[in-house]
Amino acid sequence: MEKSNTFVKGEASEKGDTPTALEPTSSISQAQIIELRERRNGEFHRSFTPRQIHIISLGSNIGSGVFIGTGKALASGGPGNMVIAYFLVCTCVWAVLQTLSEMTIAFPTSGNYIDYVDRWVSPAVAFGAGFAEWLGWTAIVASEASFFNILLQYWTGGKFPLAAALTIFLAACLFIFLLPNTVFAWFEYLTSMVKIFLFLLIIVLSLAIVCGAGPVGYVHDGSYWRDLPPFKNGFSGFANCMLLATWAVGDQVFIGIMGGEAQSPRFSMAHATKLVPFRVNVVYMLSVMFITLLVPSDDKRLLGGSDITASPFVIAVNDAKIRGIPHILNAGMMIGILGIAVESVYISSRIMRTMAHQKLIPEFIARVDSAGRPRWALAITSVVATFLTYINLSAGGVTALNWLVNITSSCYFFNWFIIAFTSWRFHQALKAQNDSLFSETYAWRSTKWPLAPVWLTAVSTLIFAGCWQASIIPIGSVRPSAANFFQYMLGILIIVFFSLIYKFTMRTTWRDPKTVDLVTGRRTLSMDEIRQLDEYYQKPKWRRFLTYVQLC
């Protein structure tokens, strides 16, 4: 990881018994000591170019959540609950990235917020949050494998062996990590391009079908909103839609982790912080609105129905009798799902490596090879992902999928609480140590802070209430069960349980804002980066706007 041996004028460090500022005469040696300590387990390579991060940011999180998971949300909550739930969760994307980016740009570490929680909040909370985040993203691999099988069975009429489908998926997913990191970066770049064009095709097709396109098409005037319950299953239906939206949208930590391995974190993260929330809102809200107009919430082909499950977009195209297009959509969705699964292995391995590097778990797991890969973390993550994937063979596809989705969702939104709290502690530390971080050249600060962490906390509280409601009053059942309770609450319980176990075992305490680490991993801008930013901000606004929408 690139380090700077000096800080800009006016920068302050930690207060306490140690020197209160890094003077020119001592900063070089201190920085060298910190740099050697940080490199003890090897270094990641800065493999992501600004162009790759731009395209991956456009295509990230466009996967089974929008292709198929929206169908399950429609079936369980109806169109009204679905629209409100997805809108609220999409606003959290802005809040998460605003909160994370000011920390990531200043401290671009690959472990991202797990590192920040450890240094500014508590090692115990970092351990619980890190384990839950690792498990949640590892479970994504298994859930994407289930959706891959769903799409494959659409072609084979349900006759393709499940074990074979899962094995093909895992082999394709894990092979990428036998190659250098640059291969992963280009793979994500190309799959993101496929997902972007697939989404554009879906939106154009959906608009055409709403207007009556197709041999048997007719104008969809919102009759499914009038003829069927728009708020199906009440608050429990809304809660289920919130959890599915959280799982579909993701916690956006991927962008922060990529920023930690970017060639220019200041440019890439600041760019992504504006681009990703806009992209997520456009992708999901357009998709959700079209789905509620095109497919009735009681269609048995939606996920959870009795017939062969299909994407709601494929259902709409099939109903309009437009030939050939469903197969193109199905193929594109399979590529997108594979991209999300590979992305999940990448995130999980980086989180585990960070926990090991911080000595929250055995440190040998943190070792990075000469190609920039955390081999031990990748191996352990791959084994667990494989185990969770093959659980589908014994537990039943739908049952296992529901557990995996709900565990991941609860981990995500509960970690949003932690991200928001970490932001408060970060600002407390800067104030307590009189650190002039935000006065540095091209410093980046969250817009109207603390608006983002406050909003993130508020929506996460609502999701928690919904999660509790769904665990106590399950949809379609009048009697609660222990299995249903743990299905919805297990992710939260994992964070709380592992944090408490670590706290009492290691006897950790809360970090003191006056003495927390504001030096390790801190990155000041190089002269090349400053020149790049000078050139960028000298461009007219319309030229800068084009950098957000260009694809090559």
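Residues numbered from 1 in each chain as written. Predicted model: local features only at pLDDT ≥ 70, side-chain atom pairs only at ≥ 80, totals over all residues. Heavy atoms only, no water.

## Overview of the overall build of the protein chain
To keep things clear, this is the line we draw: Each helix is a run of DSSP H or I of at least 4 residues and each strand a run of E of at least 2, with the numbering of both proceeding from the N terminus. Here the term buried applies to any residue with accessible area under 20% of the maximum for its type, exposed to any over 50%, and partly exposed to those in between, with areas from a 1.4 Å probe on protein chains only. Whether two residues are in contact is decided by their heavy atoms: any pair within 4.5 Å suffices.
Tallying secondary structure elements over the protein chain gives 20 helices and zero strands in all. Counting across all 552 residues of the protein chain, residues that qualify as buried make up 59%. Considering only contacts in the protein chain between residues 6 or more positions apart, those separated by 24 or more positions represent 83%.

## Some details on the packing of aromatic side chains
Our working rule: Only centres within 6.5 Å qualify two rings of Phe, Tyr or Trp (six-membered ring in Trp) as a pair; their planes then separate them into stacked at under 30 degrees, edge-to-face at over 60, and tilted for everything else.
Summed over the entire model, instances satisfying the criterion amount to 26 aromatic pairs. Ring geometry for Phe107 and Trp120: centres 5.3 Å apart, planes at 75°, overall edge-to-face. Here Phe107 is found in the loop between helix H3 (64-106) and helix H4 (113-120), whereas its partner Trp120 is found in helix H4, with 13 residues between them in sequence. Taking relative accessible area as the criterion, Trp120 reaches 1% and is therefore assigned buried. Counting every residue linked through ring pairs, the aromatic cluster contains Phe127, Phe131, Trp134, Phe497, Phe498 and Tyr502.

## A few points about H3
Using the following cut-off: What a helix should span is 1.5 Å times the count of its residues minus one. Two axes enter the bend calculation: one fitted to the seven residues ending at the residue in question, the other to the seven starting there, and the bend is the angle between them.
Helix length check: H3 (43 residues) gives 33 Å between terminal C-alpha atoms against 63 Å at 1.5 Å per residue, more than 12% under. The sharpest bend along H3 reaches about 115° and sits at Gly78, with the proline Pro79 one to four residues further on. The buried fraction of H3 amounts to 39 of the 43 residues, a majority that puts the element mostly inside the structure.

## Points about helix H18 (residues 482-506)
With 25 residues, H18 ought to run about 36 Å at 1.5 Å a step, yet its terminal C-alpha atoms sit only 31 Å apart, falling short of that. Turning to H18, its buried residues number three or more, namely Asn484, Gln487, Tyr488, Met489, Gly491, Ile492, Ile494, Ile495, Ser499 and Tyr502. Downstream of H18 by a residue or two, Arg507 has a phi angle that is positive, lying close to 55°.

## A closer look at the packing of helix H5 (residues 123-156) against H18
Put simply, the rule is: Every axis corresponds to a line fitted to the C-alpha atoms, with the helix fit spanning only the stretch in contact, and the corresponding angles, defined between N-to-C directions, vary from 0 to 180 degrees. An angle below 35 degrees is read as roughly parallel, one above 145 as roughly antiparallel, one from 65 to 115 as roughly perpendicular, and any other as oblique. A crossing counts as left-handed when the near helix is turned anticlockwise from the far one by less than a right angle, and as right-handed when that turn is clockwise. The residue classification treats Ala, Val, Leu, Ile, Met, Phe, Trp, Tyr, Cys and Pro as nonpolar and Asp, Glu, Lys and Arg as charged. All others, Gly included, are polar.
Here H5 crosses H18 at 140°, and the two axes come no closer than 7 Å. By the angle between their axes, H5 is oblique relative to H18. In the crossing of H5 with H18, the sense of the turn from one axis to the other is right-handed. Here H5 contributes Pro123, Ala124, Val125, Phe127, Gly128, Ala129, Phe131, Ala132 and Leu135 to the contact with H18, which in turn contributes Ile494, Ile495, Phe498, Ser499, Tyr502 and Lys503. Classifying every residue of the contact of H5 with H18 by side-chain character gives twelve nonpolar, two polar and one charged.

## A short note on unusual backbone geometry
Going from Trp449 to Pro450, the amide bond is cis rather than trans, its omega being 15°. The backbone of Tyr442 shows a phi angle near 55°, a positive value even though the residue is not glycine.

## Notes on the pattern of salt bridges
Put simply, the test is: Only one rule defines a salt bridge in this text: a Lys or Arg side-chain nitrogen within 4 Å of an Asp or Glu carboxyl oxygen.
Enumeration according to the criterion identifies eleven salt bridges in this entry. Across the salt bridge formed by Asp221 and Arg226, the nearest N and O atoms sit 3.5 Å from each other. Neither residue differs from the other here; Asp221 and Arg226 are each classed as exposed. Arg301 is the salt-bridge partner of Asp319, the closest N and O atoms lying 3.0 Å from each other. Taken together, the positions of Asp319 in helix H12 (residues 312-319) and Arg301 in the loop between helix H11 (265-294) and H12 put the pair 18 residues apart, joining distant regions of the chain. Relative accessible area serves as the criterion here: at 38%, Asp319 is assigned to the partly exposed category. Owing to a relative accessible area of 25%, Arg301 belongs among the partly exposed residues under this scheme. The network of salt bridges with shared partners includes Asp299, Arg301 and Asp319.

## Let's talk about the side chain of Arg425
In plain terms, the rule: Positive residues here are Lys and Arg, negative ones are Asp and Glu, while His and the chain termini are left out of the count.
Tracing the sequence through the fold places Arg425 in helix H16 (residues 397-432). Buried and without a salt bridge, Arg425 has Asp512 as its closest oppositely charged side chain, separated by 6.5 Å. Sequence-distant contacts of Arg425, defined by excluding residues within four places in its chain, comprise Trp120, Val121, Trp510, Arg511, Asp512 and Pro513.

## A few points about the confidence of the model for the protein chain
Any residue range with low pLDDT should be treated as having predicted coordinates unsuitable for detailed reading. As a reminder, the rule being used: A residue's pLDDT is the predictor's confidence in that residue, given on a scale from 0 to 100.
When the pLDDT values of the protein chain are averaged, the result is 81; 85% of them are 70 or greater. The low-confidence segment residues 1-36, where pLDDT is below 50, has 62 contacts with residues more than four positions distant or belonging to other chains.

## A closer look at the nonpolar core
Cut-off, in case you're wondering: Definition of nonpolar core: a set of buried residues of the types Ala, Val, Leu, Ile, Met, Phe, Trp, Tyr and Cys, connected through side-chain atoms within 4.5 Å.
Counting 153 residues, the largest nonpolar core has Tyr86, Tyr113, Tyr284, Met333 and Trp416 as the members making the most contacts within it. It is H3 that contributes the most residues to this core, 21 residues altogether. With near-sequence residues (within four places) excluded, Tyr113 lies in contact with Leu100, Ala129, Glu133, Val253, Asn415, Ile418 and Ile419.

## Considerations on the environment of Leu302
Along the chain, Leu302 falls in the loop between H11 and H12. Considered as a pair, Leu302 and Ile315 are 13 residues apart in the sequence and their alpha carbons are 8.4 Å apart.

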